[in-house]
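# A look at the structure
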Amino acid sequence: MNNIDIIAGARPNFMKIGPIIHAIHAHNENSKHKIKYRLIHTGQHYDKKMSEDFFDQLNIPKPHINLGVGSGSQATQTANIMMRYEEAIQEWKPELCVVVGDVTSTMACAIVAKKEGVKVAHVEGGIRSGDENMPEEINRMVTDSITDYFFTTSQVANSNLQKLGHGVEKIFFVGNTMIDSLYANLSRLIQPDLWDQYNLKPKEYIVMTLHRPSNVDAMESLKKLLEIINTNSGSKKIVFPMHPRTRKMYDQLEMHFDNLIITGPMTYLEFIYLIKNALGVITDSGGITEETTVLKIPCLTLRNSTERPETITLGTNELVGTDANNILPYLEKLIKGKWKKGEIPELWDGKTAERIVNLITKL
Ligand code: UD1
């Protein structure tokens, strides 16, 4: 297939599409059969720090179209993306629509494409947490149910898809494009300004990110979590780049935590610099558990389930749960330097996007 739409909407999408676009450009330089593509940004994330900065740092070209949907409830966001992408797809009908990950933009655009008779490819298809309270799980289930070609990150994803009745001819185990971005940028990392400002030293601080509704939307549970982490991190400072959703609730707490270094969302190259040098990471993100696995940094996941089990069975990740009290033994192990050593999952080798583009040209 030579005419494709590539969809990106929210922060974790950008490091997944960047390598695919670069691989398309590399293919086009070396081949008579050029791939024509449109990069469509839905506008789900719109703050400079959540979007534009990632495009700049990852050398992703400006999107051909920005649907400009902005924030809203799950249904409002989904509906707006669908209405606006439907118009865009009628202007230039691609043969294939490539969606990545599990955000609302992924699902909304997959539905539109499929109904317009356009084939759907899902990068990171087949993963499941089993937790249907998370909007991402619904997005995964709906997207996969109408996907024509799955580009998967793990053998677990392959077997999930087969159990759901998808034929092996639709499933391509290619690895992880987020890890392509990680490897491609390791030599370009940027030390953030707060490094000197707070006199940070390698392996002497912890990085924390929280943005899941289950952790940040209820004031009491956020307060308890921050109190426990603040008082049990020993002499280690906790760098906490805050997602806008978390910031809204945090501001209402009107509290101060001595050990927390609170900052806004970080750019990609600064954030990876911070986690690469950290003693450990506390997070409720899925993507970060993949990055810490590859960088072999201890990771405590504040969730009850994961759709990325290989980060636990092979990698450096541990599932702590959402009850704040659970975290204590894990923090102790981390601070005493007794964390497990990890291995890097199969095909997370920095060459995934090249495999995907190769396959697309043969579909
Ligand atoms: C979305 C994804 C989640 C991903 C996360 C990474 C879904 C269902 N969730 O969650 O999987 O891990 O992105 O960040 O798609 N906001 C801003 N500026 C922005 C974007 C958001 O201020 O640029 C605020 C808005 O108040 C908005 C809230 O953050 O209402 C949540 O944004 P939304 O895109 O709905 O979901 P995320 O929580 O970011």
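Residues numbered from 1 in each chain as written. Predicted model: local features only at pLDDT ≥ 70, side-chain atom pairs only at ≥ 80, totals over all residues. Heavy atoms only, no water.

Here helix α3 (residues 74–91) contains 18 residues, and its C-alpha end-to-end distance of 26 Å stays within 8% of the 26 Å for a straight helix at 1.5 Å per residue. For α3, the complete set of buried residues consists of Gln-77, Thr-78, Asn-80, Ile-81, Tyr-85, Ala-88 and Ile-89. All buried residues of α3 lie within an arc of 165° about the axis, which places them on one face of the element. Structural note: α3 exposes Ala-75, Met-83 and Glu-87 on the side pointing more than 90 degrees away from its buried face. For α3, the elements touching its buried residues are β1 (3–8), β2 (36–41), β3 (65–66), β4 (96–100) and α4 (104–115). (Helix = DSSP H or I, 4+ residues; strand = E, 2+ residues; numbered from the N terminus. Expected span 1.5 Å × (residues − 1). Buried < 20%, exposed > 50% of the residue type's maximum accessible area, 1.4 Å probe, protein only. Arc of directions from axis to C-beta. Contact = heavy atoms within 4.5 Å.)

With that settled, the discussion passes to the site of the ligand. Of all residues adjacent to the ligand, which total 22 residues, the nearest are Gln-44, His-45, Glu-136, His-243 and Lys-248. The separation between an oxygen atom of the ligand and a polar main-chain atom of Thr-104 is 2.9 Å. His-243 places a polar side-chain atom, nitrogen or oxygen, 2.8 Å from an oxygen atom of the ligand. For the ligand, the accessible surface in isolation is 740 Å², of which the surrounding protein chains cover 89%. Every element with two or more residues in the shell around the ligand is listed here: α1 (11–30), α3, α5 (135–145) and α11 (244–253). A class-by-class count of the residues in the shell around the ligand yields 6 nonpolar, 9 polar and 7 charged. Each of domain 1 (3–176 + 348–362) and domain 2 (188–335) gives at least three residues to the shell around the ligand. (Near = heavy atom within 4 Å. Polar contact = N/O pair within 3.5 Å; in protein donor to acceptor, adjacent residues only side chain to side chain. Areas by Shrake-Rupley, 256 points an atom, 1.4 Å probe, with all protein chains shown as cover. Nonpolar A, V, L, I, M, F, W, Y, C, P; charged D, E, K, R; others polar. Domains from an automatic or database assignment.)

What follows deals with the pairing of strand β5 (residues 119–123). Extensive coverage of β5 is indicated by the burial of 4 of its 5 residues. Pairing between β4 and β5: 5 bridges, direction parallel. Across the sheet, the residue bridging to Val-99 is His-122, located in β5. For the handedness criterion, the β-α-β arrangement of β4, α4 and β5 is classed as right-handed. Pairing of β5 with strand β6 (residues 149–152) involves 3 bridges; the strand directions are parallel. Its bridge partner lying in β6, Val-123 is registered against Phe-151. In this fold, the crossover linking β5 to β6 by way of α5 has right-handed handedness. (Pairing = 2+ DSSP bridges. Right-handed = clockwise from strand over helix to strand, strands pointing away.)

Next up on the list: the pattern of salt bridges. If you walk through the whole model with that rule in mind, you get 19 salt bridges. Note that Arg-128 is salt-bridged to Asp-144, the shortest N-O span being 2.8 Å. Highlighted residues: Arg-128 in the loop between β5 and α5 and Asp-144 in helix α5, separated in sequence by 16 residues. In this structure, Glu-332 and Lys-336 form a salt bridge, with 3.0 Å as the shortest nitrogen-oxygen distance. (Salt bridge = Lys/Arg side-chain N within 4 Å of Asp/Glu carboxyl O.)

This part covers the environment of Ile-40. Tracing the backbone shows Ile-40 in strand β2. Taking the C-alpha atoms as reference, Ile-40 lies 6.3 Å from Ala-8; in sequence the two are 32 residues apart.

Below, the discussion takes up the nonpolar core. By size, the foremost hydrophobic cluster in this structure holds 57 residues, and its most contacted members are Ile-4, Ile-6, Ile-20 and Leu-274. Both domain 1 (3–176 + 348–362) and domain 2 (188–335) contribute no fewer than three residues apiece to this core. Counting 27 residues, the second largest nonpolar core, distinct from the first, contains Ile-238, Phe-257, Leu-331 and Leu-334. (Core = buried A, V, L, I, M, F, W, Y, C linked by side-chain atoms within 4.5 Å.)

What follows concerns the domain arrangement of the chain. Parsing the chain into structural domains produces domain 1 (3–176 + 348–362) and domain 2 (188–335). The gap between the C-alpha centroids of domain 1 and domain 2 is 27 Å. Tallying the contact residues gives 24 residues for domain 1 and 21 residues for domain 2. Between domain 1 and domain 2, roughly 1,900 Å² of surface is buried when both sides are summed, and carbon and sulfur atoms account for 57% of that area. A per-residue breakdown of the area domain 1 buries against domain 2 is headed by Lys-49, Gln-57 and Trp-348, which together make up 31% of the total. Along the contact surface separating domain 1 from domain 2 lie 3 salt bridges. Across the salt bridge formed by Arg-308 and Glu-124, the nearest N and O atoms sit 3.3 Å from each other. Applying the counting criterion to the domain 1 and domain 2 interface returns 8 residue pairs in polar contact (both at pLDDT 80 or more). Taken together, the elements giving at least two residues each to the side of domain 1 that touches domain 2 come down to α1, α2 (52–57) and α5. Residue composition of the side of domain 1 that touches domain 2, by class: 8 nonpolar, 6 polar and 10 charged. (Buried area = accessible area lost by both parts, 1.4 Å probe.)

Bringing helix α16 (residues 352–362) into the picture now. A turn of α-helix holds 3.6 residues, and therefore any two residues three or four places apart point the same way. Along α16, the residues classified as buried are Thr-352, Ala-353, Ile-356, Val-357 and Ile-360. Summarising the axial view, the buried residues of α16 lie within an arc of 130°, below the 170-degree limit, and thus occupy one face. Seen from the buried face of α16, the exposed residues on the opposite side, beyond 90 degrees, are Glu-354 and Lys-362. The inward-facing, buried residues of α16 abut β1, α1, β4, β5, β6 and α7 (177–185).

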